[in-house]
Each structure stands twice: as structure tokens, then as C-alpha cells.
Amino acid sequence: MRQTGNNIKIPVNDINVSYNDEGPKKAPVIIFLHGFPLNKSMWDNQVEKLKDNYRVIAYDIRGHGDTDLGAIDFSIDLFAQDLMCFMDALKIEKTMLCGLSMGGYIALNAIENHPNRFSALILSDTNCTADSLEAKENRMKTIVGVKENGVEKLADGLIPKLFAPQSFKTNSEEIAAVKEMIMKTSKQSLYNSLHAMANRKETCSKLPKIKVPVLILVGKEDKITPPEAAKAMHEKIKNSALHIISNAGHLSNMENPVEFNSQLKKFIDSVNQHTNKLHKEIRSVFEEQITNKKVNFAQIENDFNSRIMEITMIIKDKYPELLKYLDEMPITIPTEKKSGNNAKKFKRLL
Ligand code: MLT
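Residues numbered from 1 in each chain as written. Predicted model: local features only at pLDDT ≥ 70, side-chain atom pairs only at ≥ 80, totals over all residues.

### Description of the packing of helix 2 (residues 76–89) against helix 3 (residues 102–113)
Contact pair helix 2 / helix 3: the axes reach a minimum separation of 9 Å and the direction vectors enclose 70°. Here helix 2 is positioned roughly perpendicular relative to helix 3, judged by the angle of their axes. The interaxial crossing formed by helix 2 with helix 3 has right-handed handedness. The residues of helix 3 that touch helix 2, namely those facing Ile76, Asp77, Phe79, Ala80, Leu83 and Met84, are Tyr105, Ile106, Asn109, Ala110 and Asn113. Taken together, the residues of the contact of helix 2 with helix 3 break down into 8 nonpolar, 2 polar and 1 charged. (Axes fitted to C-alpha atoms, helices over the stretch in contact; angles between N-to-C directions. Helix = DSSP H or I, 4+ residues; strand = E, 2+ residues; numbered from the N terminus. Parallel < 35°, antiparallel > 145°, perpendicular 65-115°, else oblique. Left-handed = near helix turned anticlockwise from the far one by under 90°. Contact = placed C-beta atoms within 7 Å. Nonpolar A, V, L, I, M, F, W, Y, C, P; charged D, E, K, R; others polar.)

Here's what the structure looks like:
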């Protein structure tokens, strides 16, 4: 039974994960992954914007916000495993995924290892490279700094890097909220996450393999993962769009939510419009059989392969831009040589 609302807890791997789940039950799902050392509340504005049309989920990554730390060493692999187990626990087979910075590292890892679980990707203020030697050393210095001077000092040093200079005049509420998020993160979680990011593998070489639509967003004045990093990812992902958010630094979704949300909504609406068109087309072919309880399902199955062929032809004729997604459908497009299919699987799609 789905629970909706804020700060819901669910056991995932060895921990309890805290999440928000809003929006209509049957709507397409989008999951948000926050940056370091923040939490799910950084997505409040996006959740509000999307929740009438989408099922919108934001959760606290291990050791952040209200999610437990657990007893395992952190890694981006572990964070991605947590995401997969979280989706399994909520019975979400496929979702759109939006990750900012560290959330983007996790999203890139997850799509590399579980490409069939995602229908679209939004990469915000992130990059695909591994840490340079210097970046790794800086992370170790940060750990020493937290041990010696505490978390508030870290927050005060980090905030000027997270926000664009003009945000200090216009976004004081967001800046205060970010400081609170950082202060809420335990020292142990900070150390573990810094190690996880320092040890992460590059994902740039895997980007050409991404088949789903991708939107890349970046604040024009992002100093941590600058627009050049976003452009480099855009060049490697064939089916990607890039938008640079004005008046924003690294936390572009909080600094300029109007522009961020408008790009995000336009993108996910277009992804879902294509899926809906396809669904409608498939439905119209099968509606009668599916709704008429008297029809024997075996009869539908007999007819199945030729129908799939017909649908494939409709897609070829009317929606050629969708052809590239046929390979990803969890059914087999029949060929003369290979005609077997699974009608039950197909029925679940409808
Ligand atoms: C983040 O916002 O998640 C961090 O800045 C990422 C990083 O330090 O690499």
C-alpha cells in the first residue's frame, strides 16, 4: 500500500530511508537525488511544481537528512544500490531520475548498471569525471578541517562556493536553508561521503551508451561543476539537451527555480507525451480484448505477435522518432525467425 506525504520511513538495505512521496498514484514517477551535504528538502520547490501531474519522490541519501548512516563504508556504488533497493521497496519498476551534483554521480552510476530501470535522466550541476589527485587531497583536507573546527566552519566555507554571488542578495532564505541542511549532517556522514566521492569512478566513457532522453542543467556561475563539464557530457550523450541556468551557481534548482522548473517540466512533459501517444496507440489495438472479460486470454496471446508487428509498423510510420526506444521495450519485437513472446508481460504494460 503506497504511503504519501513527507518524512515517510522505509527499510532499505541495512538502513531506514526517509522520503517524501507526492502526486497521483498512477502518474509517471520522478525521483530526485540531492547533493552533498544536503538533503531531500532542497527539492521542495520542484516537488511543488510537479506534484499535480507526476508522482514525485525525493529521499534522503544514506547519512543525510533523516536517513540512517548504517554500518557500511559509503561509496557511490552503495548509494546507487540503495536507490535500486528503494525503488524495489516502493515497487517502482521504472522512473525518471534527477540528480544534482553528488546526486548526479549516483544517477550516472545507476543508469550505467541498471539502464532498464530508467526512462529519462536529468543531470544537474554534476560531472562524469573522477576526482583529480588535487581534488582527492582537498577532500582529505576537508575531513581534517571538520575534525579540527567543526561542521559550522565547513558550512561557512562551502556556502560561497555553492551559490552565485548575486544569490547572496536575492536568495537569503535558500542560503539559510542550505546552512541548516549542512549543520544537520553528522560528522561521520561527512567523512564517509567525502571518501565516497574521492573514490568514485569516472562515468564519461559510459555516456555514449545512455539511450534514454537526458536533460543537462547547470548554473551559469557554477564553480564546482562548471558549464564546461556540462557541455562535455552533452557532447557525449547523443539524445541530450543542455540548458544553462542564468543567475545561478552550483545549486541552480534553488537559486533560480523558475528557470530550472520550466526547463525540467518542459523536458519531462515531452518525454511523457511520447510515451502516452504510444500507450494510446497500443491501448486502442487491445482495448476490446482487455476489457471484455469473456475473451479468453489465450486467444489474445495467439494474436499477439502479429499485433506487435502492426504496432511496430504504426510506430515506424507515425512516430519514427520513437523507433530508437523499441529496443528498450520489455517485450520482444517478433521477427520471422524469433516469434515467441510474453503476452502477460505485455498486458502489465497497458
Ligand atoms: C555536491 O554538491 O554534491 C558536491 O559539491 C559534489 C562534490 O563535492 O563533488
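There's more to say after this.
### Some details on the nonpolar core
Membership of the largest hydrophobic core comes to 76 residues, with the highest contact counts inside it found for Ile30, Ile106, Ala107 and Leu121. Beyond its immediate chain neighbours, meaning those up to four positions away, leucine 121 contacts Leu97, Ala107, Ile111, Ile210, Val212 and Val214. (Core = buried A, V, L, I, M, F, W, Y, C linked by C-beta atoms within 7 Å. Buried ≥ 20, exposed ≤ 12 C-beta atoms within 10 Å, placed from the backbone.)

### What to know about unusual backbone geometry
For the bond running from phenylalanine 36 to proline 37, omega is -10°, close enough to zero to count as cis. Although it is not a glycine, serine 101 adopts a positive phi angle of roughly 55°. With respect to the helices and strands, the residue serine 101 is situated in the loop between strand 5 (95–100) and helix 3. Of note in this structure, asparagine 247 is not a glycine but carries a positive phi near 50°. Looking at where asparagine 247 falls in the secondary structure, it is placed in the loop between strand 8 (240–245) and helix 10 (252–255).

### Considering helix 7 (residues 172–184)
Taking 1.5 Å per residue, 13 residues should reach 18 Å; helix 7 reaches 18 Å between its end C-alpha atoms and fits that length. For helix 7, the secondary structure elements touched by its buried residues are helix 5 (151–162). (Expected span 1.5 Å × (residues − 1).)

### Comments concerning the pairing of strand 7 (residues 214–219)
Taken across its 6 residues, strand 7 has 6 buried, putting it largely inside the fold. Because side chains alternate across strand 7, one face comprises the buried residues Val214, Ile216 and Val218, and the other comprises Leu215, Leu217 and Gly219, equally buried. Bridge analysis of strand 6 (residues 118–124) against strand 7 gives 4 bridges, and the strand direction is parallel. Across the sheet, residue leucine 121 finds its bridge partner in strand 7, namely valine 214. Sheet topology note: the strand 7/strand 8 ladder contains 6 bridges and is parallel. For valine 218, the partnering residue across the bridge sits in strand 8 and is isoleucine 244. Handedness of the β-α-β unit built from strand 7, helix 9 (residues 227–236) and strand 8 comes out right-handed. (Pairing = 2+ DSSP bridges. Right-handed = clockwise from strand over helix to strand, strands pointing away.)

### Considerations on the environment of isoleucine 15
You can see isoleucine 15 is positioned in strand 2 (residues 15–22). You can call isoleucine 15 partly exposed: it has 19 C-beta atoms within 10 Å. C-alpha separation for the pair isoleucine 15 and glycine 63, spaced 48 residues apart in sequence, amounts to 9.4 Å. For isoleucine 15, the contacting residues outside a window of four places in its chain are Arg62, Thr67, Asp68 and Gly70.

### Quick look at helix 2
With 14 residues, helix 2 should cover 20 Å at 1.5 Å per step; its first-to-last C-alpha distance of 20 Å lies within 8% of that length. Of all the positions in helix 2, only Ile76, Phe79, Ala80, Gln81, Asp82, Leu83, Phe86 and Met87 are classed as buried. Buried-residue contacts for helix 2 involve strand 1 (5–12), strand 2, strand 4 (55–59), strand 5, helix 3 and helix 8 (187–198). Lysine 91, located one to two residues past helix 2, shows a positive phi value of around 55°.

### Points about the confidence of the model for the protein
Reading fine detail from the predicted coordinates is not recommended where pLDDT is low. Averaged over all residues, the pLDDT of the protein equals 90, while 85% of them reach at least 70. The spread of mean pLDDT over the elements of the protein runs between helix 13 (residues 343–349), the lowest at 52, and strand 3 (residues 29–33), the highest at 99. (pLDDT = per-residue confidence, 0-100.)

### Details of the sheet that holds strand 8
On the basis of which strands lie adjacent, the open sheet formed by 8 strands has the order 1-2-4-3-5-6-7-8 and mixed pairing. Only two strands of the sheet have a single partner each, and these edge strands are strand 1 and strand 8. Strand-to-strand twist of the sheet, defined as the mean angle between neighbouring strand axes without regard to direction, takes the value 20°. Along the sheet, helix 2 makes contact with strand 1, strand 2, strand 4 and strand 5, crossing strand 1 at roughly 105°. Across the sheet, helix 3 is in contact with strand 3, strand 5 and strand 6; its angle to strand 5 comes to roughly 140°.

### A few points about the environment of asparagine 109
Tracing the sequence through the fold places asparagine 109 in helix 3. Taking the number of C-beta atoms within 10 Å as the measure of exposure, asparagine 109 has 23 and is therefore buried. C-alpha of asparagine 109 to C-alpha of glutamine 81: the two residues are 28 residues apart in sequence and 9.4 Å apart in space. Dropping the residues within four chain positions of it, asparagine 109 is found in contact with Ile76, Asp77, Ala80 and Thr203.

### Topic: the packing of helix 4 (residues 133–149) against helix 8
As a packed pair, helix 4 and helix 8 sit with axes 9 Å apart at the nearest point and diverge in direction by 175°. Comparing the axis directions of helix 4 and helix 8 gives the class roughly antiparallel. Where helix 4 abuts helix 8, its residues Lys136, Arg139, Thr142, Ile143 and Val146 lie against Lys187, Leu190, Tyr191, Leu194, Met197 and Ala198. Here the contact of helix 4 with helix 8 is built from residues that sort into 7 nonpolar, 1 polar and 3 charged.

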